[in-house]
Amino acid sequence: EMTNKSNRPWKGKKKPVSTLNATKESKTSFAKRRERQKQLDVIKKLSNELKQESSKKKEQERKRLEALKLKKQEDSMKSVTVQVIKDNKKIKRMSKKQLVKSRIYLKGHLNTTGGAMDR
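Bear in mind the structure is a predicted one, so any value in this text is a computation, not a measurement.

K.L.:
Describe the overall build of the chain, naming the residues involved and giving the relevant values.
P.N.:
Along the backbone of the chain there are three helices and three strands. Seen in sequence order, the chain has helices and strands lined up from the N terminus as α-β-α-α-β-β. Expressed as a percentage of the 119 residues in the chain, the buried residues total 5%. Of all intrachain contacts in the chain linking residues separated by at least 6 positions in sequence, the fraction that spans at least 24 positions is 11%. For the chain, the accessible surface area stands at approximately 11,900 Å², while carbon and sulfur atoms represent 55% of it.

As structure tokens, this is what we get:
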């Protein structure tokens, strides 16, 4: 019966690492390694092509969405009714809240004080 210091029979005696036989890695021939490298190069090339194609599609989609957003903004600007206030006193009487909520034209110039359309 094989026991070790702790008297547990299911734990076999340990052998020193130096006495264990290390399995040698099987050497592949140079031609096989070259062929393997060529296969890996082909795979990498195909992978890069797929990545580039995917990134092109993403870029096109991003541009399309950006154009849609811009068109939507332009359309909403067309539908906005504008009241031109030429009297500065009237603007000075307005509260800051009113100025922020409405886009005010000051004598033909747009006062962008953070109205709803600026977002």
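K.L.:
Residues and numbers for a positive patch on the surface, please.
P.N.:
A surface patch of positive charge is lined by Lys89, Lys90, Lys92 and Arg93. Looking at where Lys92 falls in the secondary structure, it is placed in helix 2 (residues 88-93).

K.L.:
For the confidence of the model for the chain, give the residues involved together with the corresponding values.
P.N.:
Should pLDDT be low for a region, the predicted coordinates there are not to be read in detail. Residue-level pLDDT values for the chain average 80, and 83% of them are 70 or greater. Long-range and interchain partners of residues 113-119, a stretch whose pLDDT sits below 50, account for 18 contacts in this model, where long-range means more than four residues apart.

K.L.:
I'd like to hear about the pattern of salt bridges, residue by residue, with values.
P.N.:
If charged atoms from side chains of opposite charge come close, those side chains can pair. Applying the stated criterion across every chain yields a total of five salt bridges. The salt bridge involving Glu59 is made with Arg62; its shortest N-O contact spans 2.5 Å. Remark: Arg62 and Glu59 occur in helix 1 (residues 30-79); sequence separation between them is three residues, near one turn of the helix. The exposure class of Glu59 is partly exposed, given its relative accessible area of 33%. Across the pair Arg64 and Glu61 runs a salt bridge, and its minimum N-O distance is 2.7 Å. Here Arg64 pairs with Glu61, and both are found in helix 1, just three residues apart, close to one helical turn. With a relative accessible area of 35%, Glu61 lands in the partly exposed category. Several salt bridges converge on common partners, so that one network encompasses Glu59, Arg62 and Glu66.

What counts as what
Residue numbering note: each chain is counted from 1, following its sequence as written. In keeping with the predicted nature of the model, local features appear solely for residues at pLDDT of at least 70, side-chain atom pairs appear and are counted solely at 80 or more, and the whole-chain, interface and lining totals rest on all residues. Remark: hydrogens and water are excluded; side-chain values derive from all non-hydrogen atoms of the structure. Helix and strand assignments follow DSSP, with helices taken as H or I runs no shorter than four residues and strands as E runs no shorter than two, numbered in order from the N terminus. Partly exposed describes any residue whose relative accessible area lies between the buried limit of under 20% and the exposed limit of over 50%, with all areas from a 1.4 Å probe on protein chains only and scaled to the type maximum. By definition in these notes, contact holds between two residues if any of their heavy atoms fall within 4.5 Å. All accessible areas in this document rest on Shrake-Rupley with a 1.4 Å probe, and a residue is counted as covered only by the protein chains that are shown. Like-charged residues within 9 Å of one another, or nonpolar side chains (Val, Leu, Ile, Met, Phe, Trp, Tyr) within 5 Å, are grouped into patches, provided each residue has over 30% relative accessible area and no salt bridge. Here, a salt bridge means any Lys or Arg side-chain nitrogen found within 4 Å of an Asp or Glu carboxyl oxygen. Positive charge is attributed to Lys and Arg, negative charge to Asp and Glu, and no charge count is given to His or to the chain ends. Note that the charge is assigned to NZ on lysines, CZ on arginines, CG on aspartates and CD on glutamates. Every residue carries a pLDDT, the predictor's confidence in it, which falls somewhere between 0 and 100.

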